[in-house]
Amino acid sequence: MPKISKETELQTVITTFEMTPGTCQDLLDALTDAYDQFISKQPGFIAAGLHVNDAQTRIANYSQWRRREDFQAMLRSEEMRERNRKINQLCRSFEPVMYDVMQAYD
């Protein structure tokens with residue numbers, strides 16, 4: 001499970017996906033498979049969470065990596081490039097953005 005703390009030196013990536021309610025479950029299945037079979041096994045992977053909004057028109061993905069380069073290497077791998085081509089067909093758009101944690105509240 002992701003742990004949000006400004007004291008850590010982790011790379012945080014938040015990716016948002018836009019889709020229709022009709023493709024939400026298919027996209028969630030594709031993302032779950034990607035994490036189960038590939039992403040979670042990559043060097044530097046720490047944790048992730050998938051979140052779906054009530055209308056099933058957005059998925060937010062929060063992931064943590066040891067280093068920025070670990071995330072970039074996973075994203076540039078041939079397997080992930082192939083998976084992203086399929087994921088792209090299931091949604092209107094998606095955008096991974098790297099963030100630094102500035103504050104965290106319990």
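Residues numbered from 1 in each chain as written. Predicted model: local features only at pLDDT ≥ 70, side-chain atom pairs only at ≥ 80, totals over all residues. Heavy atoms only, no water.

**Q** Sorry if this is basic, but what is going on with the overall build of the chain here?
**A** A tally of helices and strands in the chain yields 3 helices and 4 strands. When the elements of the chain are put in sequence order from the N terminus, they spell out β-α-β-β-α-α-β. In terms of overall size, the chain behaves like a compact globule, its C-alpha atoms giving a radius of gyration of 14 Å where 106 residues would be expected to give roughly 13 Å. Counted over contacts in the chain with a minimum sequence separation of 6, partners at least 24 positions apart contribute 72%. For the chain, the accessible area works out to roughly 6900 Å², and carbon and sulfur atoms hold 48% of it. (Helix = DSSP H or I, 4+ residues; strand = E, 2+ residues; numbered from the N terminus. Rg over C-alpha atoms; globule rule 2.2 N^0.38 Å. Contact = heavy atoms within 4.5 Å. Areas by Shrake-Rupley, 256 points an atom, 1.4 Å probe, with all protein chains shown as cover.)

**Q** I keep staring at empty space enclosed by the protein and nothing clicks. Help me out?
**A** Under the definition given, this model contains 1 cavity of 30 Å³ or more. Looking at the largest cavity, its volume works out to about 170 Å³. In terms of lining residues, the largest cavity is bounded by 17 residues, among which Thr15, Phe17, Asn61, Leu75 and Met80 are the most central. Among the elements of the structure, β1 (11–18), α1 (21–37), β3 (58–65), α2 (68–76), α3 (78–90) and β4 (93–99) are those that each provide at least two residues to the lining of the largest cavity. Of the residues that constitute the lining of the largest cavity, the class distribution is 13 nonpolar, 4 polar and no charged. (1 Å grid on protein atoms, 1.4 Å probe; cavity = no way out; pocket = protein on both sides within 12 Å on 5 of 7 lines; lining within 4 Å. Points joined across faces, edges and corners; volume = space filled by probe spheres on them. Nonpolar A, V, L, I, M, F, W, Y, C, P; charged D, E, K, R; others polar.)

**Q** Any chance you could explain α2 here in plain terms?
**A** Since there are 3.6 residues in each turn of an α-helix, residues three or four apart along the chain are aligned in direction. Here α2 has its buried residues at Asp70, Phe71, Gln72 and Met74. Those residues of α2 that are buried are in contact with β1, β3, α3 and β4. (Buried < 20%, exposed > 50% of the residue type's maximum accessible area, 1.4 Å probe, protein only.)

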